[in-house]
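Given next are the chains, with one letter for each unit.
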Amino acid sequence: MKKIVLTGGGTAGHVTPNIALLPALKALSYEIEYIGSYQGMEKDLIEAMEIPYHGISSGKLRRYLDIKNLSDPFKVVKGFGQAFRLLGKIKPNIVFSKGGFVSVPVVLAAKMRKIPVIIHESDITPGLANKISIPAARKVCCNFPETLKYLPSVKAVLTGSPIRQELLQGNPEAARSFCHFTSSKPVLLIIGGSSGSKAINDAVRALLPKLLDDYQIIHLCGKGNLDNDLINTKGYAQFEYISQQLKDMFALSDMVISRAGANAICELLALHKPNILIPLSAAASRGDQILNAKSFEKQGFSYVLLEEDLTESTLLSAIRQVTEKRDTYIASMKKSGQMDSIQTIVDLIENNAKK
């Protein structure tokens, strides 16, 4: 039996591509186990897939001054020891890492155990966790052609992002019933990322009276961000987080307003959904979402509205412009020539696994 350890966590973007690979890996008779953080969001997502899950200590690696910088390196060292012992017990043929800080001790422990490692970098420029891990990897997969120049040429492989195939098989009528919508108006789907976005939530809710004249709205607002005053608003369905019904909501939606995490926007591309991207601001991140969004804007896939420019009027204008040009956006996405990411990555896994 071939064995593989998957790792990655911290955000949904570091987990869902791993989940997308599961059917193909199972079809090739891989025994799959997962190493993540003790209580990260990856734990619930992976255990729901009935994959053996192992939690380890995880410390965040920061580029800025923070008191936790004194304690977190010890957590990373502890996590390395735990990962080293786990890999010795599991004895996988290969490790596949989707990134996030929990993946660093796993990748380094795999190198120490002489276990081949493949890494996937979602964003245009590699994050700190993957920068540390790249020297230990056999191959580094990426989503964007622009990323290749930041990676060692002998390791870099343009694969695109693995997309959960069930997202392509949604039932719009199931979502319509679930949200108690009618068929008389188009549907806007708003996704603020796995933890939600106050800026997007506030702008959408401020515009709600105007938007509901023309649209029905599904609002994925993030944990703890429900507005109790809006619970019974006709044509407005808000949820903290959605998993099982997301494919149906995508199928029902006529337009999506989203953050610009790489995996999220690759899903929009695969689904050919006209979209408005509101990337996380450079003040709150390393600017990777802005680069992702600009790449999609340049290719004609997305309308980009920077968070610094987000107001009621700019958001309403963006929605109207995308509505007018939706056919142009759809045509551009259909011509994108998106790769078969899952097969490309699984082939790499097969070719690099220790026999």
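Residues numbered from 1 in each chain as written. Predicted model: local features only at pLDDT ≥ 70, side-chain atom pairs only at ≥ 80, totals over all residues. Heavy atoms only, no water.

J.: Tell me about the pattern of salt bridges, residues and numbers included.
T.: Should their charged atoms come close, side chains of opposite charge can pair. Under the definition given, this model contains seven salt bridges. E173 serves as the salt-bridge partner of R176, at 3.2 Å between the closest nitrogen and oxygen. With a gap of three residues between them, R176 and E173 both fall in helix α6 (residues 172-179), about one helical turn apart. Using a relative accessible area of 47% as the deciding quantity, one classes E173 as partly exposed. K198 is the partner of D202 in a salt bridge, and the nearest nitrogen-oxygen pair spans 2.6 Å. Separated by four residues within a single helix, D202 and K198 lie in helix α7 (residues 198-214), roughly one turn from each other. Taking the relative accessible area as the measure of exposure, D202 reaches 38% and is therefore partly exposed. Using a relative accessible area of 62% as the deciding quantity, one classes K198 as exposed. (Salt bridge = Lys/Arg side-chain N within 4 Å of Asp/Glu carboxyl O. Helix = DSSP H or I, 4+ residues; strand = E, 2+ residues; numbered from the N terminus. Buried < 20%, exposed > 50% of the residue type's maximum accessible area, 1.4 Å probe, protein only.)

J.: If you had to explain the packing of aromatic side chains to someone new, which residues and values would you point to?
T.: Tallied over the entire structure, the rule returns five aromatic pairs. Judged by centre distance (6.2 Å) and plane angle (70 degrees), the ring pair of F144 and F296 falls under edge-to-face. Here F144 is found in the loop between β6 (139-142) and β7 (156-158), whereas its partner F296 is found in helix α10 (residues 288-298), with 152 residues between them in sequence. Look at F178 and F239: their rings are 5.5 Å apart centre to centre, the planes differ by 20 degrees, and that puts the pair in the stacked class. Residue F178 is found in helix α6, and its partner F239 is found in strand β10 (residues 236-239); the two are separated by 61 residues along the sequence. Taking relative accessible area as the criterion, F178 reaches 34% and is therefore assigned partly exposed. Accessibility expressed as a relative area gives 18% for F239, which makes it buried. Members of the aromatic cluster, joined through ring pairs, are F144, F296 and F301. Between the NZ or CZ atom of R113 and the centre of the ring of F84, over which it lies, the distance is 3.8 Å. (Phe/Tyr/Trp six-rings, centres within 6.5 Å; stacked < 30°, edge-to-face > 60°. Lys NZ or Arg CZ within 6 Å of the ring centre and 35° of its normal.)

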